[in-house]
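Examination of the molecular architecture
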Amino acid sequence: MMAQDDWNPFRSDKAKTASGTLLFWRDGDGRPLIYLHSAGGPRPSPLIRALSRSRDVYAPTVPGFGGSPRHEGIDDIAALAELIAGFIAGRFSEPVDIVGNSFGGWLAMRIALAHPDLVDHLVLEAPAGVYDRDLDVVPRIFAREETAPPPSPHRAGDVAAFASYGGGRIDPELADRLGEITAQTLVVIGTEDEMAPATAMQRVKAALPNCHLTYIYEAGHGLEHDAPERVGRVVSDFLERGQAFLVPTARDQR
Amino acid sequence: MQFSFFHLMPWTELSEPPREWPASNRSFDPVKGKELYDTYLDTLAFAEECGFSWTSCNEHHFSPYGLMANCNLVASVLAQRTKRIKLGVVGNLVPLLNPVRVAEEYAMLDVMSGGRLVAGLLRGVPHEYIAYNIPPGESRARLKEAVEVILRAWTEPEPFGWEGEYYRYPSVSIWPRPYQQPHPRIILSASNAESAEFAAGFARYRPMIGIVLIADLDATKAAIETFRTSSRARGYDPGPADIMTGHHTCIAETDEEAFAQMRSAEAYFHGVLMRSMHDAQKLVVQKTRYFGDERATKRVGDHLAEIKSKSLEELVEAGSILCGSPESVVRQIKRLRDELGHGVIQMTMKIGSMPESAVRRGMELFRDRILPELGGE
């Protein structure tokens, strides 16, 4: 059986940036899609694999996560957003869809705020940056133990990197400017999420001018692993059909 | 104690039991039907004048057992005919219905009644799954998810989508929102340990529980204890007012009169109205996993058989029914309360063919001689 941290068939690649080398995983064909990982570090998931069946998926490793070196001068979320925005701008001539998981959702919102021209659709999975969280208390992340990924060997470094970018707290600038994120956005959160409060997701939904909020039944914070089919279905549908994902099709009926 | 006046709206005109379930409606007389609805609605409204805390109705399908396919229609009439009494809608059979529609109708009732709704979120009886073509084996899982959808629909301040196992909604935002905040009081069934545990799983919504089929007091006590213990472990400490039991009830001037009335009414109820239901129920219960395991299936079968085989005196003793003079019924209620530690008693006075005059007299005796004894507690 394939280990859960085995990225196969994704290929490892890297891009030169002004501040250092940015690692990324890539697989699939079609329109490009950027996947930004959670504070759990870069790891494959059923959602990433599903997306790569119809999209050209790029999953950058945020410097400091997964045992990767930090970039000099990239010390906060704003600088990090510039780094990833530079990667997107240097590679694609059209706006791209971004899927961001938790920490990655926060980063995605920051990119969309600073560079609206680079972003097409935005998917935020229980995004960080919009609620305060005591990092010393780690709640249950996965509602279903049997499908949870194994703990990362780089966990200590991942946690340190997350904290150093300002993770675990409300990002005040983002909170003030949420209404400026004009991208078509889908926020998803598990009904059993013990990390991200639903009230924070409701605030995001209320503040963004083009935003939908969907609850994933019986999923925890690690919703990609807890409910891969439900997350995959709603995210793929939104990315395929945009706002029209609200309109049921014959395929949806059962 | 609080008291709920409960009505099934039975069809009273059959001379023999239906041959099968669903029961043929050939003999239903709409003119008589109109008359019955008028009478029953008057009775349910009269419960307010008699000092009951709730006036209550429920949902059944395809049978003379009850003329309330949608009890929300009845509750909406009562919202207009009464002023203060709670509307016990006990309740919508949630897995058979569209949960968003349930949330909407309950929210309407709550607003129209000024926050008087007690919202039953029930699983129903096994054979009624045939009525709406829903697999009975999925009943518990459907109920669990539907309750979550309903509570979300009541409480979410923003439009939301739902991606679940049985239900998918792209975007929900009900109008009106409920009157009670954060949401209407809910009541779930907890007739055995399994369902008591299930109800406690919703502790975050601070549910009431209702137990309406008592075969013996010890089993009921155990179910209540399970609900309390399991709820406390989840941060909710249910008090007496959160626990209801339901009883066929006959109150008359004397014990003899009450038992005689009850005997003939129960003969129609069990011999005519319940007969085809029993057969259908057996079919569904035996052929599906409706009751999680074989023991539970057997237990429910035994329950019904036991209730049918017992004398009225034995049923009083078992806590199944309340029957007698006002003084006797007060004693019976006090005993139940002391044994179970609960605070809400639901009375079904229109049992089968019970004459309307006897129902009214029972309600007046309740008002004049039972409520003064127990209502202040």
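Residues numbered from 1 in each chain as written. Chains lettered and ligands numbered in written order. Predicted model: local features only at pLDDT ≥ 70, side-chain atom pairs only at ≥ 80, totals over all residues. Heavy atoms only, no water.

Thoughts on the overall build of chain A
Secondary structure summary: chain A contains eight helices and eight strands in total. Its C-alpha radius of gyration of 17 Å places chain A within 12% of the 18 Å reference for a compact globule of 254 residues. Along the first, second and third principal axes, the C-alpha atoms of chain A reach 50 × 40 × 35 Å. By residue count, 53% of the 254 residues in chain A fall in the buried class. Within chain A, counting contacts between residues at least 6 apart in sequence, those at least 24 apart form 76% of the total. When the accessible surface of chain A is totalled, it reaches about 10,800 Å², and 51% of it is carbon and sulfur. In chain A, 25 side chains carry a positive charge and 35 a negative one; their mean positions are 3 Å apart. (Helix = DSSP H or I, 4+ residues; strand = E, 2+ residues; numbered from the N terminus. Rg over C-alpha atoms; globule rule 2.2 N^0.38 Å. Buried < 20%, exposed > 50% of the residue type's maximum accessible area, 1.4 Å probe, protein only. Contact = heavy atoms within 4.5 Å. Areas by Shrake-Rupley, 256 points an atom, 1.4 Å probe, with all protein chains shown as cover. Lys, Arg positive; Asp, Glu negative; His and termini not counted. Charge placed at Lys NZ, Arg CZ, Asp CG, Glu CD.)

Topic: the pattern of salt bridges
Scanning all chains against the criterion turns up 39 salt bridges over all chains. Among the salt bridges present, the one from Glu163 of chain B reaches Arg168 of chain B, with a minimum N-O distance of 3.0 Å. Overall, the relative accessible area of 4% leaves Glu163 of chain B in the buried class. The partly exposed category is assigned to Arg168 of chain B, whose relative accessible area is 22%. Across the salt bridge formed by Lys221 of chain B and Glu339 of chain B, the nearest N and O atoms sit 2.8 Å from each other. With Lys221 of chain B in helix α7 (residues 217-232) and Glu339 of chain B in helix α12 (residues 326-340), this residue pair connects regions lying 118 residues apart in the sequence. A cluster of three or more residues bridged by salt bridges with shared partners is formed by Arg110, Asp171, Glu173, Arg177 and Glu180 of chain A. (Salt bridge = Lys/Arg side-chain N within 4 Å of Asp/Glu carboxyl O.)

Thoughts on the interface of chain B and chain A
With 18 residues of chain B in contact, the opposing surface of chain A contributes 19 residues. One can count three salt bridges joining chain B with chain A. Note that Lys144 of chain B and Glu218 of chain A form a salt bridge whose closest N and O atoms lie 2.7 Å from each other. Linking chain B with chain A are 10 residue pairs in polar contact (both at pLDDT 80 or more), by the criterion used here. The set of elements that each furnish at least two residues to the side of chain B that touches chain A consists of α5 (139-155), β5 (160-163) and β6 (168-172) of chain B. Pairing analysis gives three bridges linking strand β8 (residues 211-216) of chain A to β5 of chain B, with the strands arranged parallel. Across the sheet, Ile216 of chain A pairs through a bridge with Glu163 of chain B, a residue of β5 of chain B. (Polar contact = N/O pair within 3.5 Å; in protein donor to acceptor, adjacent residues only side chain to side chain. Pairing = 2+ DSSP bridges.)

A short note on the nonpolar core
If you look at the biggest cluster of nonpolar residues, it comprises 174 residues, and the most contacted ones within it are Ile98 of chain A together with Phe3, Phe52, Leu121, Trp154, Ile333 and Met347 of chain B. Take this core: its biggest share by element is nine residues, from helix α2 (residues 77-91) of chain A. For Met347 of chain B, the residues in contact, after removing those within four places along its chain, are Phe3, Ser4, Phe5, Phe6, Phe52, His247, Thr249, Ile251, Leu322, Ile333 and Phe366 of chain B. Core analysis: the next-biggest nonpolar cluster, separate from the first, contains 23 residues, Trp7, Ala219, Val234 and Phe238 of chain A among them. (Core = buried A, V, L, I, M, F, W, Y, C linked by side-chain atoms within 4.5 Å.)

Topic: the sheet that holds strand β7 (residues 184-190) of chain A
Taken in spatial order, the 10 strands line up as β1(A)-β2(A)-β4(A)-β3(A)-β5(A)-β6(A)-β7(A)-β8(A)-β5(B)-β6(B) in an open sheet, and their pairing is mixed. Every interior strand has two partners, whereas the edge strands, β1 (11-17) of chain A together with β6 of chain B, have only one. Across the sheet, the mean angle separating the axes of adjacent strands is 20° when strand polarity is ignored. Its contacts with the sheet place helix α6 (residues 198-207) of chain A against β7 and β8 of chain A, and it is angled at close to 155° to β8 of chain A. (Axes fitted to C-alpha atoms, helices over the stretch in contact; angles between N-to-C directions.)

A few points about the packing of aromatic side chains
Tallied over the full model, the rule gives 24 aromatic pairs over all chains. With a centroid separation of 5.0 Å and an interplanar angle of 75°, the aromatic rings of Phe3 of chain B and Phe366 of chain B are classed as edge-to-face. Placement of the pair is Phe3 of chain B in strand β1 (residues 2-7) and Phe366 of chain B in helix α13 (residues 356-374), with a sequence separation of 363 residues. Take Phe366 of chain B: its relative accessible area is 0%, and that puts it in the buried class. Both rings, one in Phe5 of chain B and one in Phe52 of chain B, keep their centres 5.3 Å apart while their planes meet at 65°; by these two values the pair is edge-to-face. On the criterion of sequence distance, the pair formed by Phe5 of chain B in strand β1 and Phe52 of chain B in the loop between α1 (30-49) and β2 (54-57) is long-range, its members being 47 residues apart. Residue classification places Phe5 of chain B among the buried residues on the basis of a relative accessible area of 0%. One aromatic cluster in this structure is built from Phe65, Phe103, Trp106, Phe162 and Tyr165 of chain A. Positioned over the ring face of Tyr165 of chain A is Arg70 of chain A, at 4.4 Å from the centre of the ring. (Phe/Tyr/Trp six-rings, centres within 6.5 Å; stacked < 30°, edge-to-face > 60°. Lys NZ or Arg CZ within 6 Å of the ring centre and 35° of its normal.)

Description of α7 of chain B
Residues and elements named next belong to chain B. Under the 1.5 Å per step criterion, the end-to-end length of α7 is 22 Å for 16 residues, consistent within 8% with the ideal 22 Å. Within α7, burial applies to Leu217, Thr220, Ala223, Ile224, Phe227, Arg228, Ser230 and Ser231. In this fold, the buried residues of α7 make contact with α6 (193-200), β8 (208-211), β9 (243-251), α11 (312-318) and α12. For α7, the side-chain oxygen to backbone nitrogen distance between the N-cap and Asp218 is 3.1 Å, and the N-cap itself is Asp216. (Expected span 1.5 Å × (residues − 1).)

Some thoughts on the confidence of the model for chain B
In the predicted model, chain B carries a mean pLDDT of 93, and 94% of its residues have values of at least 70. Both confidence scores are given for the complex: pTM 0.94, ipTM 0.95. (pLDDT = per-residue confidence, 0-100.)

Concerning the side chain of His212 of chain A
All names here are of chain A. Among the secondary structure elements, His212 is positioned in strand β8. Look at His212 and you get buried, because its relative accessible area is 11%. Not counting residues up to four positions away in its chain, the partners in contact with His212 are Thr185, Leu186, Val187, Lys205, Phe238, Gln243, Phe245 and Leu246.

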